[in-house]
Amino acid sequence: MTRLTILSVFFLFFSKLLTAQVLEGSISGTVVDGGDQKIIDAATISLFKAKDSSLVKINLADKSGNFLFEHIRFGKYYLLATSTGRLQTYSPVLEINKNSTVNAGALQLTN
C-alpha cells in the first residue's frame, strides 16, 4: 500500500471515532410532598425542551421518589411533575452541557 492509502484509511477511521461521540447527559432528581416532605413514589415526570416546549421523555419516580432521564442531548430543558390528587409543579430551566449530569433537586408537589 502506498503512504497515501494508509493515511486515508487512518483519517477515515479517526473521523469516525470523532463523530461517534454524542453530546449527551442525564437529569436526575426527587419528588416530595411540599408540606411534610414525604417521598412521592410513582409520580409522573415529563421532560420538555425549553426552546419550544416539545415533549422529550416521560418517566416515573421510583419507590424512593427518585427519577433519572438518561441519554439527553445537550441543551436546555424543564421538568413537569404530576401525581394524582396534587398540584403539578415545574422545575426551573436546566441546561445539559459540559457537566453531563444535572441534578434537578427536589420537585415539591402540594395538595
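Numbers given to residues run from 1 along each chain, matching the order in which its sequence is written. Two thresholds apply to this predicted model, a pLDDT of at least 70 for residue-level local features and 80 or more for giving and counting side-chain atom pairs, whereas whole-chain, interface and lining totals are computed over all residues. Hydrogens and water molecules were not included; the side-chain quantities draw on all heavy atoms of the structure.

Undergrad: Residue-level account of the sheet that holds strand E4 (residues 66-73), with values.
TA: Read across the open sheet, the three strands follow the order E4-E1-E8; overall the sheet is mixed. In the strand order of this sheet, the two ends are held by E4 and strand E8 (101-109), each with one partner. Geometrically, the sheet is characterised by an average inter-axis angle of 20 degrees between neighbouring strands, direction not taken into account. Pairing analysis gives six bridges linking strand E1 (residues 24-33) to E4, with the strands arranged antiparallel. Opposite Glu24, over in E4, you have Arg73 as the bridge partner. The criterion for strand pairing is that DSSP finds at least two bridges linking the strands in question. In this description a helix means any DSSP run of H or I spanning at least four residues, a strand means any run of E spanning at least two, and both kinds are numbered starting from the N terminus. Throughout, an axis means a line fitted to C-alpha atoms (over the contacting stretch in the case of helices), and angles, computed between N-to-C directions, take values from 0 to 180 degrees.

Undergrad: If you had to explain the packing of aromatic side chains to someone new, which residues and values would you point to?
TA: Centres within 6.5 Å make a pair out of two Phe, Tyr or Trp rings, where for Trp the six-membered ring is used; the pair is then stacked when the planes are under 30 degrees apart, edge-to-face when over 60, and tilted otherwise. Per the counting criterion, the structure on display carries three aromatic pairs. Centre to centre, the rings of Tyr78 and Tyr90 are 6.0 Å apart; their planes meet at 50 degrees, and the pair counts as tilted. Taken together, the positions of Tyr78 in strand E5 (residues 75-82) and Tyr90 in strand E6 (residues 89-90) put the pair twelve residues apart, joining distant regions of the chain. Connected via pairs of aromatic rings, a cluster forms that spans Phe48, Tyr78 and Tyr90.

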